[in-house]
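# Working through the structure, step by step
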Amino acid sequence: QVELVESGGGLVQAGGSLRLSCAASGRTFSSYAMGWFRQAPGKERELVAAINRGGSTAYIPDSVKGRFTISRDTAQNTVYLQMDSLKPEDTAVYFCAARTPGAVAYNVWGQGTRVTVSS
């Protein structure tokens, strides 16, 4: 079973940048579709970026389009979320998730990393 470990969260001022990393265990990382979700206090978890197995961006919502970029490095078994021009409303716990072959939804989750954007 694949395991996901996020890192890179922290406190940043509005307008700043952070890069989140998600390291995956196992030798089949290239077969997983990957996504980044976030959950702010009192809100539902939302998908903020998705990337397919081939490395193409599959989804970026309008709320972060032009500011967030998802990428993956198959050699490093890692998926990244570059976040620029951060806003206080980006404050949330960010989760990495994988959709294994045959799964209809994301079925493997990391533990989350907290991002706080101060105004």
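Our subject is the structure that appears above.
The following refers to the structure shown. (Residues numbered from 1 in each chain as written. Predicted model: local features only at pLDDT ≥ 70, side-chain atom pairs only at ≥ 80, totals over all residues. Heavy atoms only, no water.)

### Some remarks on the packing of aromatic side chains
Scanning the model with the defined rule gives two aromatic pairs in all. Arranged with centres 5.2 Å apart and planes meeting at 85 degrees, the rings of F37 and Y106 form a pair that is edge-to-face. Of this pair, F37 sits in strand β4 (residues 33-39) while Y106 sits in the loop between β9 (92-99) and β10 (108-109); the two residues are 69 residues apart in sequence, bridging distant segments of the chain. One exposure class covers both F37 and Y106, and it is buried. Aromatic pair F37 and W109: ring centres 4.7 Å apart, planes at 55 degrees, arrangement tilted. Taken together, the residues F37 in strand β4 and W109 in strand β10 connect sequence positions 72 residues apart. In this structure W109 comes out as partly exposed when scored by relative accessible area, which is 35%. Three or more aromatic residues joined by ring pairs make a cluster, and in this case those are F37, Y106 and W109. The ring of F95 has R45 lying over it, and the distance from NZ or CZ to the ring centre is 4.0 Å. One residue, R72, lies across the ring of F29, its end atom 4.5 Å from the ring centre. (Phe/Tyr/Trp six-rings, centres within 6.5 Å; stacked < 30°, edge-to-face > 60°. Helix = DSSP H or I, 4+ residues; strand = E, 2+ residues; numbered from the N terminus. Buried < 20%, exposed > 50% of the residue type's maximum accessible area, 1.4 Å probe, protein only. Lys NZ or Arg CZ within 6 Å of the ring centre and 35° of its normal.)

### Observations concerning the pattern of salt bridges
Counted by the stated rule, this structure contains four salt bridges. Among the salt bridges present, the one from R38 reaches E46, with a minimum N-O distance of 2.7 Å. With a relative accessible area of 6%, R38 lands in the buried category. Overall, the relative accessible area of 32% leaves E46 in the partly exposed class. The salt bridge involving D90 is made with R67; its shortest N-O contact spans 2.7 Å. Of this pair, D90 sits in the loop between β8 (78-83) and β9 while R67 sits in the loop between β6 (57-59) and β7 (68-73), placing them 23 residues apart in sequence. Side by side, D90 and R67 carry an identical accessibility label, which is buried. Residues participating in the shared-partner salt-bridge network are R38, E46, R67 and D90. (Salt bridge = Lys/Arg side-chain N within 4 Å of Asp/Glu carboxyl O.)

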